[in-house]
Every structure is written in C-alpha cells, then in structure tokens.
Amino acid sequence: MRFDVKIQLDAIRRIRSWLSQHPSPDPVTQARTADLNTFGDKGEALLIQQRDGLLAVTQAVAEKDEYRRAIHVELKDLAGIAKAAAGRAVGVDVRLRIPRVGASEPIFVSGARQVIAAAEANRALLEAHGMGPDQLATIEALLDRFEEAQHRANTGRGDHVGAT
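Residues numbered from 1 in each chain as written. Predicted model: local features only at pLDDT ≥ 70, side-chain atom pairs only at ≥ 80, totals over all residues. Heavy atoms only, no water.

1. Section: the overall build of the chain
The criterion, for reference: We count a stretch as a helix when DSSP gives it H or I for four or more residues in a row; a strand needs E for two or more, and each element gets its number in order from the N terminus. Here the globule rule is a power law, 2.2 Å times the number of residues to the power 0.38, and the radius of gyration is based on C-alpha atoms. Burial classes follow relative accessibility: with a 1.4 Å probe on protein chains only, a residue under 20% of its type's maximum area counts as buried, one over 50% as exposed, and anything between as partly exposed. Residue contacts are counted whenever heavy atoms from the two residues lie within 4.5 Å of one another. Working definition of accessibility: Shrake-Rupley area with a 1.4 Å probe, residue cover restricted to the visible protein chains.
Across its full length, the chain holds 5 helices and 0 strands. The order of helices and strands in the chain, counted from the N terminus, is α-α-α-α-α. Relative to the 2.2 N^0.38 estimate, which gives 15 Å for 164 residues, the radius of gyration of the chain is 27 Å and therefore markedly larger than a compact globule would have. Considered along the principal axes of its C-alpha atoms, the chain spans approximately 95 × 25 × 15 Å. With 164 residues in all, the chain has 30% of them scored as buried. The long-range share in the chain, meaning contacts at least 24 apart out of those at least 6 apart in sequence, stands at 74%. On the chain, roughly 10,200 Å² of surface is accessible, and the fraction owed to carbon and sulfur atoms is 57%.

Structure follows, in structure tokens:
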C-alpha cells in the first residue's frame, strides 16, 4: 500500500481512538464519526486484503519452485530410462526432450505434459527398462499441484492488486 495511504489510515486510527475517549453529544459530530469509522473499517479491510494477497503469492511461489524442481528431477530420471531403452531397442526412438527448469510456466507445463504423453505411448518399453509403474502418475500429480499453486499465486496477486 502506498505510504501516504498508510499515513492516512494511521491518522484515522488515532482520531477514532480520541473520539471514542471523548464522545460528543452533537449529532453532526456523531454522523461524521460514523462516516470516519466506516471509512477506517474499509481501509483496514483493504490493508488486510493486501497483506494476505502478498502472503499468498509468496507462499505459492515458494511451492511452485519446489514442485518445479521435483518435476524436473522426475523428468530427468524418465529421460535417462528412455535413453537407455532407445539404445537397447533397435528401430525405436524413445528420446524425451524435457523442458528447462528456467522455462516459462506455460512452456514448462506443456513440455512436461508432452514428455508424459510420449512416455505413456511407450509405457511397456520404458517399464521393461526400469520405469516404475506409478512414476507417470507421480509426475502428473506434481504437475497438478504445480498448476494449483500457480492458480493460488494468481489469485493472491489479484487480491493484492485489487486492494491497492
């Protein structure tokens, strides 16, 4: 939140505190005090919304980084198995191109999904050369969690910007 808005909210807090300690019987002052309380409550709610949005973004980004690394490790293992299978199976091309860790999120997710689809097409060959029966399901689950964290980050960013 902008610094000048924080100063205004702090001033409103102090004025509200003073007015609660020194009530006035004047109806105009009471009406203005009610308006000030309404304005102060809205400002406090927006401040909380902004803070919560920033926290949600920070947490989701940390989770996305963790999932991205885990997915990349799993894909590297799968690519190694595919390379070994391609070397032993004559005439079968099972090379898998894994996306870079630093690739943008859409490219990383689509690249990982393409690797999973290619591995699924050659499942029998890859399982014969060391791929676990649930390895593709594990990668799919990690990708789903990655996309959920991405959605939470976008939602938190929207809350933060909306409060600003």
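2. Some words on the packing of helix α2 (residues 27-88) against helix α5 (residues 135-163)
Put simply, the rule is: Angles run from 0 to 180 degrees between N-to-C directions of axes, and those axes are lines fitted to C-alpha atoms, restricted for helices to the stretch in contact. Reported orientations rely on four angle classes, namely roughly parallel under 35 degrees, roughly antiparallel over 145, roughly perpendicular from 65 to 115, and oblique for the rest. Take the far helix as your reference; a near helix turned counterclockwise from it by less than a right angle gives a left-handed crossing, and one turned clockwise gives a right-handed crossing.
Remark: α2 packs on α5, axes separated minimally by 7 Å, with the N-to-C direction vectors making an angle of 160 degrees. The pairing of α2 with α5 is recorded here as roughly antiparallel in orientation. Relative to α5, α2 is oriented so that their crossing is left-handed.

3. Digging into the packing of aromatic side chains
Rules: A pair of Phe, Tyr and Trp rings is counted when the ring centres sit within 6.5 Å of each other, with Trp represented by its six-membered ring. The angle between the planes then sorts it: under 30 degrees is stacked, over 60 is edge-to-face, the rest tilted. We call a charge positioned over a ring when the NZ of a Lys or the CZ of an Arg lies within 6 Å of the ring centre and within 35 degrees of the ring normal.
Overall, the coordinates contain 1 aromatic pair when judged by the stated rule. Here F108 and F146 contribute two aromatic rings whose centre-to-centre distance is 5.9 Å and whose plane-to-plane angle is 55 degrees, an arrangement assigned as tilted. Taken together, the residues span a long stretch of sequence, with F108 in helix α3 (residues 105-121) and F146 in helix α5 at a distance of 38 residues. Owing to a relative accessible area of 0%, F108 belongs among the buried residues under this scheme. Among the residues examined, F146 registers a relative accessible area of 0% and is labelled buried. Its end group placed over the ring of F108, R68 keeps NZ or CZ at 4.7 Å from the ring centre.

4. Considerations on the nonpolar core
Filter applied, for reference: Note on terminology: a nonpolar core comprises buried Ala, Val, Leu, Ile, Met, Phe, Trp, Tyr and Cys residues joined through side-chain atoms within 4.5 Å.
I71, L78, L126 and L143 are the most contacted members of the largest nonpolar core, which has 24 residues in total. At the level of secondary structure, the elements contributing two or more residues to this core comprise α2, α3 and α5. The dominant element in this core, judged by the number of residues it contributes, is α2, at 8 residues. Those residues in contact with L78, other than ones at most four positions away along the chain, are L96, V115, A119, L126, M131, Q135, L136 and I139.

5. A short note on the packing of helix α1 (residues 3-21) against α2
Applied cut-off: Throughout this entry, Asp, Glu, Lys and Arg are counted as charged residues, while Ala, Val, Leu, Ile, Met, Phe, Trp, Tyr, Cys and Pro are counted as nonpolar. The remaining residues, Gly among them, count as polar.
Where α1 contacts α2, the two axes come as close as 10 Å, and the packing angle between them is 140 degrees. Accordingly, the angle class assigned to the pair α1 and α2 is oblique. Like other packed secondary-structure pairs, α1 and α2 cross with a definite hand, here left-handed. On the side of α1, the interface is formed by L9, I12, R13, I15, R16 and L19, while α2 contributes T33, L36, N37, F39, G40, D41, G43, E44 and L47. A breakdown of the residues in the contact of α1 with α2 according to their chemical character gives 7 nonpolar, 4 polar and 4 charged.

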